Structures are given as structure tokens and as C-alpha cells.
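# Analysis of the macromolecular model
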Amino acid sequence: MNGTSLDELSQSWDEVRENYQDYYNDEYDRAVLDCAARLAADPAGEPAYVWTLGLLVMAPYVNWLPGEGVTTAAVAALEATDGALRDRPCGHASHPYQVHDDEDDLYLTEQLALLADESADREEDRPRDEWLCPPNVAGFARIALDVIDPGSVTDVPPRLPMEAQDTIDTLSALLHGYPRPGTDIDDEISSQASNLSSADPADRAGHLLVVRAVTWYAVSGMVRTKSVLEDLAEAVEKALPHFAAPSCAHEWHATLPDSGPDAAELGVRLSSAGGRGMYERDRTESGRGAPLEHVLCPVFMTEVADKTLTLLRERREALFGDRDTSHLDAEYLRADGRLEIERIVERLAHHSSNEEYADDLALWAARRHERADERERAVLLLAAHQATVISYPSPPLPVVRGVLATLRAVAAAPRPERCAHEDEHPPLRYEEFRDALLHFYAPEEFPPPEESPSPEAWTCPRFAVAVAEEGISGLEDLYEDEDEDEDEDGEEAESG
């Protein structure tokens, strides 16, 4: 080893493998270049297996972000070894490389130590002569080439490209609700739309399934940028014609995962030749799952695209379009025009069953506030604020805009320097104001609680400002970027 022990080399190679996603590292480049140079000097020699396995250990780094010339040197050395050893005769019925998966890469340096020691106890591992066999070394050279440039070789066990596994990990964390540090959620989701738009024909269906998975997250309200939903919809619209097929011969297709992370992982896997090979291998071994041709069937993909596009369009309108709340008069007003106070107050509670009502109730209350009488305004202002508090995961853009307009108008209205009442203002916590609010609005129907603010405290302009300012602080930054973009568009249109 020219003064360097195999143990030292193995440690340095493992360090490169473990930290391959770090920024460009000159020390790692030297490790790869040294290994490649040693292999290139004697690609068919006895120690070729050492340098070949060394390059396979470090292949993730070579695939990721190596310095100039590193990839070229590694590929040239591996191709030379494959070419020199692949067709050498041997008497083995099979070789270790034929069943070598990416999980096995973790143990390659341990395997090297065993191979270097002829007396080592190999337990149930494959015989040493199979590992050292020239066609086996050539097979591992091709595996390394496949890691460096996915899909560039054949006759090796299928595996996911390094980038694909990273995408699975990123999307899994995001869709579970715990994005990895540094993940820009909008950019990550929009990038899946871009991947679908630019996908090769064989990879397009897989990328559509990824878009299907991230769409559920995007339309849930977790994404507050309209352009992200538009990017997804545009990508699906662009992909649809490619799946056009009048019919198929399949009696059934596939049952796709209904969990976002699982659905995304399936899509990413089917977005590469290696991933599709893994799918079919796993399906064959387990006897479960639909054949690949059933999953990727153009007729089936058209159904998936249509459903995804419909969902995107509907939710884009609900989240960012105009919302009609006129029908809620029948829900929240009595025949005599007074508020259905008990229904309104009950729907302001922090409870999952109220989330479906929160957004429309907030906007309806905000829109009605200006034309209401003094007593009703106090109720509507508090209702508009509290309904946005219980909205999950947050109120959509039109609701935020409508409620903010009312809150800002209230906050900007003239107010006396001192309150005209002597008691304290009502509390802003729902659990504390619930019964008092019922009594304030309809004292003839609801008895006063133990502590009941005076009517003057409820209608106090300074209390109204306190409610408005608290509501504004919770809403004004939710769609800041979206507002700025639309303002800029409007200014450009006017200047044009």
C-alpha cells in the first residue's frame, strides 16, 4: 500500500462516504484521485479489488459534489477495470456483486479487511475466491459507475440514485410536518412540479405520482403562496397529453398509497430506472403489489392526473380566490335579523369540529361588522378574531385580507384617552369570555356568569382596539410575500 495501511485507507474512505454531502472538500478529492490512480495504474492486477471497492465506498461523494477532474479520473479507472476483467473465464455459478445492495455498501471496508487476511473467519459470507474473481471485481466496478452516473451501466442490482434517496428523505420529513433544517417548503414543492415538466418519458409517471403526493400538502393550507399551487397545476396540465390513451387491456391497476410520505416515496422510486428495477424486484420477491406496467399504465396515469388537477383547481380557488359568504346569513342570523349568538359562540371554541367553519365565519363576521349596531359590532369583532385563531393550519389569503381590512379600520379609528367605564375589559381568551359574551349579547336568554363585564366594557372603543391589534399581530405576516408580489404586479400594469 506504499506505506499506507489498508486500515488507514479504509478509515479515510469511510469518512468520505459518511460526509459525502458536505461542501467541496479538497482532502476528499485527493482520496478519490489517489484511489483512482492506483486502480488505473493496474486495472487488472491482483490488488484491483482493493481500489475498486474503495472507489465504490467513495462513489456517493463522486456523484455529489467533487472537485474538477475527480469524476473523470474515477470513471476512467473503473471502466478500465470493467473492460479488463469482465470477460475473464471463471468457474463460479454466481458472484457477490450480483446480490449487493446499497445497504451493503456500509460494510465494504470490513469486507476488505477480511479479504486481505486469508486466515480470517468468514462465517457465512461468500467464499474469498468468489470475491476476488475477476468478473466479480468488474461487477463491483460497474456498481460504482452506476452510483456515480445512475443508469450508465447494466447487469448490476438496481438501486436508487443518490439524489433520489435524498429527495425521499426531504419529502418524508416535509410531509410528516417536520421539514429538514434549511428546507424552503415552497421551493421544494415547486421543484417537484418542475421535475414533472422536464421529465423524460420513462420517468414522467413517477414524477406525476410525486406531484400527487405533495399536492395534498400544498392544498391543505400549509402552503401560503398561490404560485406554488399554480406551478403544480401547470405541470400536471402539461403532462396530461403525454398519458393520453383511449383504453388499456388491464382489468385493474394499482392501489396507490394514501399517506403523503409513502406516496412520495413510491413516486420518487418510479422516477428512475434503478428505482423501477427495485420496485419489480421487491414485488417479485414479496409476491405483493401491482405489476409495474399496471402502475405506470397511461390510462391509470390519466386518472391520477385528472384527480390531482381537479383538486388543485378547487383548492386554489378556495385558498386564494374570492369567497362568497352571503349564504351564511341563514346560518348565523335569526329571522328577526339578530345574531344566532349561541351558534356563533359555540363555533369559536378550539375544537377540530369547528375548523371547517372557522374561515367562513371569520370573513362573514368581518364583512358584517361595519353595518352592525354597537352591541353586534363587539360580538362580530371578537368572532372575526377568534375564528382566525382556531383556523387550521391558518386562514387562507382572502380570509386574511378581509379580516385584516376590518381589524385595521378598527385599530385606526379615533379612541378616547381613557375608558368611560370603571371595570376591566373582557378577557380575550375564549374559555374566559364565552359565557360573558352570551350574556352580553342576549341577557334575557343567558344568565350572567360569576364575573361579567359591563356592557360599556364590551362596547368600549379602547377594548375594540385591543382586540383589533391582537388580531392584526397574528395575521399580518402570513401572506407578506404574496401581497408584495401582487402589489408589484399591479404597479407594473399601471405603469405599462
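Attention in this report is confined to the structure presented alongside it. (Residues numbered from 1 in each chain as written. Predicted model: local features only at pLDDT ≥ 70, side-chain atom pairs only at ≥ 80, totals over all residues. Heavy atoms only, no water.)

### Looking at the overall build of the chain
Each helix and strand counted, the chain has 24 helices and zero strands in total. Buried residues in the chain amount to 47% of all 496 residues. Considering only contacts in the chain between residues 6 or more positions apart, those separated by 24 or more positions represent 75%. The positive charge centre, built from 42 side chains, and the negative charge centre, built from 103, are 5 Å apart in the chain. (Helix = DSSP H or I, 4+ residues; strand = E, 2+ residues; numbered from the N terminus. Buried < 20%, exposed > 50% of the residue type's maximum accessible area, 1.4 Å probe, protein only. Contact = heavy atoms within 4.5 Å. Lys, Arg positive; Asp, Glu negative; His and termini not counted. Charge placed at Lys NZ, Arg CZ, Asp CG, Glu CD.)

### Here we look at the side chain of Arg-276
Mapped onto the elements, Arg-276 comes out in helix 13 (residues 273-286). In this view, Arg-276 contacts Ala-202, Asp-203, Arg-269, Leu-270, Ser-271, Leu-292 and Leu-296; residues no more than four positions away in its chain are not counted.

### Observations regarding the state of the cysteines
According to the stated counting rule, one finds zero disulfides in the structure shown. This cysteine, Cys-90, is not joined by any disulfide, and Cys-133 carries the nearest cysteine sulfur, 3.7 Å off. Taking the relative accessible area as the measure of exposure, Cys-90 reaches 36% and is therefore partly exposed. The structure places no disulfide on Cys-460, whose sulfur is separated from the nearest cysteine sulfur, that of Cys-419, by 3.7 Å. (Disulfide = S-S within 2.5 Å.)

### What to know about the packing of aromatic side chains
Across all of its chains, the model carries eight aromatic pairs by this definition. With a centroid separation of 5.6 Å and 90° between ring planes, the pair formed by Tyr-28 and Tyr-61 is classed as edge-to-face. Residue Tyr-28 is located in helix 2 (residues 26-41), and its partner Tyr-61 is located in helix 3 (residues 48-64); the two are separated by 33 residues in the primary sequence. Both rings, one in Tyr-332 and one in Trp-364, keep their centres 5.3 Å apart while their planes meet at 45°; by these two values the pair is tilted. Pair noted here: Tyr-332 is in helix 16 (residues 329-332) and Trp-364 is in helix 18 (residues 355-369), with a separation of 32 residues, a long-range link. Each member of the pair, Tyr-332 as well as Trp-364, is classed as buried. Over the ring of Tyr-357 we find Arg-347; its NZ or CZ atom is 3.6 Å from the centre of that ring. Sitting over the face of the ring of Phe-440, Arg-375 holds its NZ or CZ atom 4.9 Å from the ring centroid. (Phe/Tyr/Trp six-rings, centres within 6.5 Å; stacked < 30°, edge-to-face > 60°. Lys NZ or Arg CZ within 6 Å of the ring centre and 35° of its normal.)

### Some words on helix 19 (residues 374-390)
One turn of an α-helix holds 3.6 residues; hence residues three or four places apart share an orientation. Helix length check: helix 19, at 17 residues, gives a terminal C-alpha distance of 25 Å against a target of 24 Å (1.5 Å per residue), a fit within 8%. The element helix 19 is largely enclosed, with a buried count of 13 among its 17 residues. (Expected span 1.5 Å × (residues − 1).)

### Describing the side chain of Thr-167
Locating Thr-167 in the fold gives a position in helix 8 (residues 162-175). Residue Thr-167 is classed as buried on the basis of its relative accessible area, which comes to 18%. Leave out the neighbours within four places in its chain, and Thr-167 touches Gln-192 and Val-268.

### Here's the deal with the pattern of salt bridges
One pass over the structure, following the stated rule, counts 26 salt bridges. Between Arg-17 and Asp-14 there is a salt bridge, and its shortest N-O distance comes to 3.4 Å. Remark: Asp-14 and Arg-17 occur in helix 1 (residues 6-18); sequence separation between them is three residues, near one turn of the helix. Given the relative accessible area of 15%, Arg-17 is considered buried. Residue Glu-18 is joined to Arg-17 by a salt bridge in which the shortest nitrogen-to-oxygen separation is 3.6 Å. One connected set of salt bridges, linked through shared partners, spans Asp-82, Arg-86, Arg-142 and Asp-155. (Salt bridge = Lys/Arg side-chain N within 4 Å of Asp/Glu carboxyl O.)

### Thoughts on empty space enclosed by the protein
The tally for this structure, following the rule as stated, stands at one cavity of 30 Å³ or more. Here the largest cavity is characterised by a volume of approximately 40 Å³. Tyr-49, Leu-53, Leu-115, Trp-131, Asn-136, Val-137 and Phe-140 together form the lining of the largest cavity. Mapped onto the lining of the largest cavity, the elements with two or more residues apiece are helix 3 and helix 7 (134-148). With three residues, helix 7 is the single largest residue contributor to the lining of the largest cavity. Tallied by class, the residues present in the lining of the largest cavity amount to six nonpolar, one polar and no charged. (1 Å grid on protein atoms, 1.4 Å probe; cavity = no way out; pocket = protein on both sides within 12 Å on 5 of 7 lines; lining within 4 Å. Points joined across faces, edges and corners; volume = space filled by probe spheres on them. Nonpolar A, V, L, I, M, F, W, Y, C, P; charged D, E, K, R; others polar.)

### Here we look at the environment of Trp-216
As for its position among the elements, Trp-216 is in helix 10 (residues 201-222). In this structure, Trp-216 is in contact with Pro-257, Asp-258, Ser-259, Gly-260, Ala-263 and Leu-311, ignoring residues within four places of it in sequence.

### Topic: unusual backbone geometry
A cis amide bond links Tyr-392 with the next residue in sequence, Pro-393, at an omega value of -5°. Within the chain, Asp-155 stands out as a residue other than glycine whose phi angle is a positive 60°. Checked against the element boundaries, Asp-155 lands in the loop between helix 7 and helix 8.

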